[in-house]
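# Fold and contact review
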Amino acid sequence: MSTSNSCQKQQTKKHRHNEKRHRCNVCNKLFSRPSALQTHMYTHTGEKPFQCPSPGCGKCFAVVSNLRRHSKVHSNTPSPRHRLSAQVRHQFIEQMLLRYQASQHYQEWTQQQQTPTVIH
Ligand SMILES: [Zn+2]
Ligand SMILES: [Zn+2]
């Protein structure tokens, strides 16, 4: 029996294991990725470069994951009571008006009022 298990060079050369070589020059903390260091630096500088893209909100966050978590606030609240931008609110009101104008009630109401008031 020949166990010709050629000893394959099991040199599991460390695949340049992400060495933590990005050091914060403020607190000397080490980070494996420059982006991680960058994010960490914001905690020192107080910068909050990640701004909520939702119109009318504009909340800022130092960490992108915080912004992601925050953005759920907007996606889960389709309620018109939520703060909306003027444009969105205008569209919403116009839609409501169109629907309302198509209704019989509105037809009768305008005949009585003559001057339809616009909801602000
Ligand atoms: Zn630091
Ligand atoms: Zn927001």
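Note that the coordinates shown come from a computational prediction; the quantities given were computed from them, not determined experimentally.

Let us look at the overall build of the protein chain. In terms of helices and strands, the protein chain carries 4 helices and 4 strands. Reading the protein chain from its N terminus to its C terminus gives the helix and strand order β-β-α-β-β-α-α-α. Within the span of the protein chain, comprising 120 residues, buried residues form 0% of the whole. Contacts in the protein chain between residues at least 24 apart in sequence constitute 15% of all its contacts with a sequence separation of at least 6.

Here Gly 56 is to be found in the loop between strand S3 (50-51) and strand S4 (60-61). What makes Gly 56 partly exposed here is the crowd of 14 C-beta atoms within 10 Å. Distance in space between the C-alpha atoms of Gly 56 and Ala 86 is 8.3 Å, their sequence separation being 30 residues.

Because an α-helix completes one turn every 3.6 residues, residues spaced three or four positions apart along the sequence face the same direction. With 12 residues, helix H2 (residues 64-75) extends 17 Å from end C-alpha to end C-alpha; this agrees with the ideal 16 Å at 1.5 Å per step. With 0 of 12 residues buried, H2 is to be regarded as a mostly surface element.

Turning next to helix H3 (residues 86-101). With 16 residues, H3 ought to run about 22 Å at 1.5 Å a step, and its terminal C-alpha atoms sit 22 Å apart, in line with that. In terms of burial, H3 is a largely surface element, 0 of the 16 residues being buried.

At Asn 28, a residue that is not glycine, the phi angle is positive and equals roughly 65°. In this fold, Asn 28 is placed in the loop between strand S1 (22-23) and strand S2 (30-31). We classify Asn 28 as exposed; it has 7 C-beta atoms within 10 Å.

What follows deals with the environment of Thr 39. Within the element layout of this structure, Thr 39 appears in helix H1 (residues 34-45). Note on Thr 39: 17 C-beta atoms within 10 Å, which makes it partly exposed. Taking the C-alpha atoms as reference points, Thr 39 and Val 64, 25 residues apart in sequence, are found 8.5 Å from one another.

The rules behind each value
Per-chain numbering applies: the sequence of each chain, read as written, is numbered from 1 onward. Working convention: letters from A go to chains and numbers from 1 go to ligands, in the order in which they are written. Where local features are concerned, this predicted model is filtered to residues with pLDDT of at least 70; where side-chain atom pairs are given and counted, the filter is 80 or more; whole-chain, interface and lining totals use all residues. By definition, any uninterrupted DSSP run of H or I lasting at least four residues is a helix, any uninterrupted run of E lasting at least two residues is a strand, and each is numbered from the N terminus. With C-beta atoms placed from the backbone, a residue is labelled by how many other C-beta atoms lie within 10 Å of its own: buried for 20 or more, exposed for 12 or fewer, partly exposed between the two. For the purpose of contact definition, each residue receives a C-beta atom placed from its backbone, and two residues are in contact when these atoms lie within 7 Å. Between the first and last residue of a helix there are one fewer steps than residues, each counted as 1.5 Å, and that sum is the expected span.

These figures capture arrangement, not role.
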